[in-house]
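# Reading the structure
These are the residues of each chain, in order.
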Amino acid sequence: MVDVIINEALIEAGERYFIAYVARPKGVGAQIVADLEMDLTGPVTAELMAPRKLSGFEFPALELIERARRTAAENGVRKILLIDPQGLVPLSKVNRANRD
């Protein structure tokens, strides 16, 4: 089972993990999106904990997190660190137009 965590201290040295960075583009009605960093090995550095600027290639947050969980499970990764400094994930909605 893959855990989505917010406490970087739970990732041990040598442990494989992913990071999901959550943000909201500026503009009225902008969708909450996320970007994924894969194939990382603990411990987590301060550089990786810093929020990222949006590149324009992000996916809707809830979809990305769900896909990241599946990918992590397939690759034997047990933790996904969620970087969400604004607390946006609870406000996210599922994109109904793009369902698997």
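Structure: above.
A brief structural summary.

Rules used in this analysis
Residues numbered from 1 in each chain as written. Predicted model: local features only at pLDDT ≥ 70, side-chain atom pairs only at ≥ 80, totals over all residues. Heavy atoms only, no water. Buried < 20%, exposed > 50% of the residue type's maximum accessible area, 1.4 Å probe, protein only. Helix = DSSP H or I, 4+ residues; strand = E, 2+ residues; numbered from the N terminus. Pairing = 2+ DSSP bridges. Core = buried A, V, L, I, M, F, W, Y, C linked by side-chain atoms within 4.5 Å. Contact = heavy atoms within 4.5 Å.

Further remarks concern the pairing of strand 5 (residues 79-83). With five of five residues buried, strand 5 is to be regarded as a mostly interior element. Burial of strand 5 is two-sided: the residues K79, L81 and I83 facing one way and the residues I80 and L82 facing the other way are all buried. Pairing analysis gives three bridges linking strand 1 (residues 3-5) to strand 5, with the strands arranged parallel. By the bridge assignment for strand 5, D3 is matched with K79. Inspection of the sheet shows strand 2 (residues 16-23) paired to strand 5 by four bridges, in the parallel sense. When the sheet's bridge partners are listed, Y21 is paired in strand 5 with I83.

Ranked by internal contacts, the top residues of the largest apolar core, which has 16 residues, are V22, A72, I80 and L82. At the level of secondary structure, the elements contributing two or more residues to this core comprise strand 2, helix 2 (61-75) and strand 5. The element that contributes the greatest number of residues to this core is helix 2, accounting for five residues. Excluding residues within four positions of it along the chain, I80 makes contact with V2, D3, V4, I5, F18, A20, A68, R69 and A72. Among the nonpolar cores identified, the runner-up in size contains 10 residues, and Y17, L40, V44 and L81 belong to it.

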